[in-house]
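# Structural overview
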Amino acid sequence: MSTPEPLPNPQRVITDTDPETGISHFNTTLDESLAVKQDLGGSLFRLGYITDKTPNTLDGTDLTNYIEYLETASVPPVTLPDGRGMMWYIDTPPGKGSPAHRTVSFDVVIQVAGEIEVTLESGEKRIQKPGDMLIQRATTHTWRNLSKDKWARMVGVMYSSNPVVLKNGTVLGPSGL
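Summarised in this report is the structure supplied together with it. (Residues numbered from 1 in each chain as written. Predicted model: local features only at pLDDT ≥ 70, side-chain atom pairs only at ≥ 80, totals over all residues. Heavy atoms only, no water.)

## Focus on the nonpolar core
Core analysis: the largest hydrophobic core is formed by 23 residues, its most contacted members being Tyr66, Trp88 and Ile90. At the level of elements, β4 (43-50), α1 (61-72), β5 (85-92), β7 (116-120) and β11 (152-160) are the ones that each hand at least two residues to this core. Other than its neighbours up to four places away in sequence, Ile90 contacts Ser43, Leu44, Phe45, Trp143, Ala152, Arg153, Met154 and Met158. (Core = buried A, V, L, I, M, F, W, Y, C linked by side-chain atoms within 4.5 Å. Buried < 20%, exposed > 50% of the residue type's maximum accessible area, 1.4 Å probe, protein only. Helix = DSSP H or I, 4+ residues; strand = E, 2+ residues; numbered from the N terminus. Contact = heavy atoms within 4.5 Å.)

## Describing the sheet that holds strand β10 (residues 141-144)
As a general point, the strands of a sheet are linked pairwise by backbone hydrogen bonds and lie either parallel or antiparallel. In space, the 3 strands of this open sheet follow the order β8-β7-β10, with antiparallel pairing throughout. This sheet does not close on itself; its edge strands, each paired only once, are β8 (125-128) and β10. The sheet shows a mean angle of 20° between the axes of neighbouring strands, taken without regard to direction. For β7 and β10, the ladder comprises 4 bridges, and the chain directions are antiparallel. Of the residues in β10, the one forming a bridge with Leu120 is His141. (Pairing = 2+ DSSP bridges. Axes fitted to C-alpha atoms, helices over the stretch in contact; angles between N-to-C directions.)

## Quick look at the environment of Asp91
With respect to the helices, strands and loops of the structure, Asp91 is situated in strand β5. Exposure remark for Asp91: the relative accessible area of 0% places this residue in the buried category. Those residues in contact with Asp91 that lie beyond four places of it in its chain are Leu7, Gly42, Ser43, Leu44, Arg46, Trp151, Ala152 and Arg153. Of note is the side chain of Asp91, whose polar atom sits 2.5 Å from the side chain of Arg46. (Polar contact = N/O pair within 3.5 Å; in protein donor to acceptor, adjacent residues only side chain to side chain.)

## Quick notes on the sheet that holds β11
Pairing is antiparallel in the open sheet, where 6 strands are placed in the order β3-β4-β5-β11-β6-β9. With partners counted over all chains shown, the strands left at the sheet margins are β3 (38-40) and β9 (133-137), one partner each. Pairwise comparison of adjacent strand axes, ignoring direction, gives a mean angle of 25° for this sheet. Both β5 and β11 contribute to a ladder of 8 bridges, which runs antiparallel. The residue bridging Tyr89 from the neighbouring strand is Val155, located in β11.

Below you can see the structure in the form of structure tokens.
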């Protein structure tokens, strides 16, 4: 059996408003093909966008900061501090997955291609199919593509959050990545 080809780069289209005329247009500063930014154990991460601050100013600094992350950060963080967010495409090859990890973040993850099995620290599992959404609330988890011959793609929008604090005062910080 031959190794399946990775999924193609998604297209990233950015809109903008001309600050002088107020007319909406497509921003062509960046190539629309969204290339891989990070390989995490075989899962390919593409940095779709970052938010500058909350609320986002849309005065161009958000785009400048995003371009800076793309050009200079060899491995950008999974989330940013201060409530800012990042949007990732995560492609996982057949039979591969992530290590157990916890991020201090609130994530909305949508399965767009293939299927992913999500396993929590408790041992509970769910299969995410195309169109399914996972609300990941700073819990320890893994994901795994159970297919033997197809890549899987998730799109995750991740916002920093406060850490989980147990009733005994223990703070559960990031782990595993």
